[in-house]
Amino acid sequence: MKKRVVVLGATGSIGESTLRVARALPNRIEIVGISGGQNVQRLLEIAREFPAARICTGDELGAATLRSELPGREVLHEADGLETLASTPEADLVLVAIVGTAGLKPALRALETDKDLAVASKEILVMAGEQVMATAERMGGRVLPVDSEHNAVFQCLEGQDLSAVKRLILTCSGGPFRKASAADLAMVTPEQALRHPTWSMGRKISIDSATLFNKGLEMIEARWLFNIPMEKIDVVIHPQSIVHSMVEFVDGSIMAQMSSTDMALPIQYALTYPDRYAGPCAPLDLASVRRLDFEEPRTDLFPALELARRAGTAGGTLPAVLNAANESAVEAFLAGRLSFIGIWESVDRAMNEVPFVQHPSLDELIEADHAARSIVVR
Ligand code: NDP
Ligand code: MG
């Protein structure tokens, strides 16, 4: 059977890998919707390649350009357009790969209109994991992880009883500053931070990988996806990025998932779950990798993991505050308005200053998100 898929964020790094999977599996995957933000030219090319897809672009100007280039095609735009696209009646699954939290409402719409959700945008589970998982449960929809670590855990947990899980071990490359000193970290430029040693990704997640906030967000993401307490989620540094994550069981057994460093594999598994097919991901040759290293994260120099553990343990509005403050601080860092270590300081400050709500509504989460951003830019 063919899966009919809407790709939100088709013009981005995950979006491009998703299209690569779709091209490799034309009998299994049909692209029925695509969205982009500001890159209208790339969206136009993708729309031509996938003529059955509904289209949504970032603004009205982009929509006018696309309409004139693609007469007769439906073109939606902005936040309302994304929600309409996410509720496309003929879709089976919506993959959310929009950077940041703009994908939250479309993700909820997808579940509310009886679709499965494949989540790449970790920010939406960090901000509103409880709401997203509760909506999935109410509607009977699946939430399938695309992030490589969570996809690995998902594969390791297949057929296992959650009560037999001792802990999840998320692997982390350590980013470009794995061996840096405190003095080095004080001098980091955006250009250095954007250079990831093992993965090629969008700008926001590349900076998050350098600060280790990416791993912090992933700890919280795992907490919701697998309904597991924060104290059972650990991180280990693994510079080769071959073991994508592990699950330790109560009997001492550890299951690991390994594959090449290519997002096509977790994307494909989420799209074709529970089936496996030969796809575009190159096979892994362990003999040429030769060694797999593991080490403790340096939490003293990289406070992101402890901040995330604090936010994930407290719950309520704190993860949304951490996420929004981080998003805003990354923008400021990339614009040259904030130092690299200023990202951690800004998040810590926002977590201390924004009033805490233990059981927030969606509106209260959005309010906490805005309050955190205004503290960072202040
Ligand atoms: P990119 O920056 O490469 O792509 C982001 C996509 O979102 C683009 O299509 C962009 O459109 C679109 N977009 C950005 N802002 C908006 C907005 N306000 N409204 C609508 N569309 C918007 O990011 P990545 O693909 O790297 O990452 C996407 C998500 O997946 C992130 O949440 C990231 O954390 C997560 N992720 C990424 C991984 C990776 O390997 N890249 C791995 C695991 C998770 P346009 O470019 O046209 O403006
Ligand atoms: Mg990841």
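These lines cover the structure that appears in this document, whether it is placed above or below. (Residues numbered from 1 in each chain as written. Chains lettered and ligands numbered in written order. Predicted model: local features only at pLDDT ≥ 70, side-chain atom pairs only at ≥ 80, totals over all residues. Heavy atoms only, no water.)

Re the site of ligand 1
Around ligand 1, 22 residues are found, and the nearest of them are Thr 11, Ser 13, Gly 37, Gln 38 and Glu 123. A distance of 2.9 Å separates an oxygen atom of ligand 1 from a polar atom in the backbone of Ser 13. A distance of 2.6 Å is found between an oxygen atom of ligand 1 and a side-chain nitrogen or oxygen belonging to Glu 123. Surface burial for ligand 1 is 81%, taken as the share of its 900 Å² of free accessible area covered by protein chains. (Near = heavy atom within 4 Å. Polar contact = N/O pair within 3.5 Å; in protein donor to acceptor, adjacent residues only side chain to side chain. Areas by Shrake-Rupley, 256 points an atom, 1.4 Å probe, with all protein chains shown as cover.)

A closer look at the sheet that holds strand E5 (residues 93–96)
What the seven strands build is an open sheet, ordered E4-E3-E2-E1-E5-E6-E7; its pairing is parallel. Edge strands, defined here as strands with exactly one partner in the open sheet, are strand E4 (75–77) and strand E7 (143–145). Strand-to-strand, the axes of this sheet are offset by a mean angle of 25°, without reference to chain direction. Against the sheet, helix H2 (residues 40–49) touches strand E2 (29–35) and strand E3 (54–57), its axis set at about 175° to E3. (Pairing = 2+ DSSP bridges. Helix = DSSP H or I, 4+ residues; strand = E, 2+ residues; numbered from the N terminus. Axes fitted to C-alpha atoms, helices over the stretch in contact; angles between N-to-C directions. Contact = heavy atoms within 4.5 Å.)

Thoughts on the pattern of salt bridges
Applying the stated criterion across every chain, the model contains 24 salt bridges. Note that Arg 373 and Glu 327 form a salt bridge whose closest N and O atoms lie 3.4 Å from each other. Of this pair, Arg 373 sits in helix H17 (residues 362–377) while Glu 327 sits in helix H15 (residues 318–334), and the two are 46 residues apart along the sequence. The same class applies to Arg 373 as to Glu 327, namely buried. Here the salt bridges share partners, and the residues they tie into one network are Lys 122, Asp 147, Glu 149, Lys 215 and Glu 218. (Salt bridge = Lys/Arg side-chain N within 4 Å of Asp/Glu carboxyl O. Buried < 20%, exposed > 50% of the residue type's maximum accessible area, 1.4 Å probe, protein only.)

Topic: the environment of Arg 378
Residue position: Arg 378 is located in the segment after H17. Assessed through its relative accessible area of 65%, Arg 378 is described here as exposed. In the structure, Arg 378 is positioned 58 residues away from Ala 320 in sequence and 18 Å away in space, judged by C-alpha atoms. In this view, Arg 378 contacts Arg 349 and Glu 353; residues no more than four positions away in its chain are not counted.

Here's the deal with empty space enclosed by the protein
The tally for this structure, following the rule as stated, stands at two cavities of 30 Å³ or more. Lining the largest cavity are 13 residues; nearest its centre among them are Met 127, Glu 130, Gln 131, Trp 224 and Gly 316. In terms of residue count, helix H6 (residues 122–139) provides more of the lining of the largest cavity than any other element does, six residues in total. Of the residues in the lining of the largest cavity, the class split is seven nonpolar, five polar and one charged. Split by domain, the residues of the lining of the largest cavity number at least three in each of domain 1 (3–145) and domain 3 (315–378). (1 Å grid on protein atoms, 1.4 Å probe; cavity = no way out; pocket = protein on both sides within 12 Å on 5 of 7 lines; lining within 4 Å. Points joined across faces, edges and corners; volume = space filled by probe spheres on them. Nonpolar A, V, L, I, M, F, W, Y, C, P; charged D, E, K, R; others polar. Domains from an automatic or database assignment.)

So, the coordination of the magnesium ion (ligand 2)
Every protein donor of the magnesium ion (ligand 2) is listed here as Asp 147 (OD), Glu 149 (OE) and Glu 218 (OE), and their distances to the metal cover 2.1 to 2.2 Å. Read in sequence order, the donor residues for the magnesium ion (ligand 2) give the motif D-x1-E-x68-E. (Donors = N, O, S within 2.8 Å, 3.2 Å for Na, K, Ca; no water.)

Things to note about the pairing of strand E10 (residues 243–249)
Most of E10 is tucked away: seven of the seven residues are buried. Here five bridges tie strand E8 (residues 165–172) to E10, and the two strands are oriented antiparallel to one another. The partner of Leu 170 across the bridge, within E10, is Ser 245. Relative to strand E11 (residues 254–258), E10 is paired through five bridges, and the arrangement is antiparallel. Its bridge partner lying in E11, Val 243 is registered against Met 258. The hairpin turn running from E10 into E11, its antiparallel successor, is four residues long, and Gly 252 in that turn takes a positive phi close to 100°.

Re H15
With 17 residues, H15 extends 24 Å between its outermost C-alpha atoms, agreeing within 8% with the 24 Å of an ideal straight helix rising 1.5 Å per residue. Across the 17 residues that make up H15, a large majority, 15, are buried. (Expected span 1.5 Å × (residues − 1).)

Describing the packing of H6 against H15
One can describe the packing of H6 onto H15 by two numbers: an axis separation of 7 Å at closest approach and a directional angle of 145°. Like other packed secondary-structure pairs, H6 and H15 cross with a definite hand, here left-handed. Note on element contacts: H15 touches H6 through Pro 319, Ala 320, Asn 323 and Glu 327, opposite Glu 123, Val 126 and Met 127. For the contact of H6 with H15, the per-class residue count stands at four nonpolar, one polar and two charged. (Left-handed = near helix turned anticlockwise from the far one by under 90°.)

Things to note about the side chain of Ser 148
Mapped onto the elements, Ser 148 comes out in helix H7 (residues 148–157). Judged by its relative accessible area of 6%, Ser 148 falls in the buried class. Within the local environment of Ser 148, its side chain forms a polar contact with the side chain of Glu 149, the two groups lying 3.2 Å apart. Sequence-distant contacts of Ser 148, defined by excluding residues within four places in its chain, comprise Trp 199, His 244, Met 263 and Pro 266.

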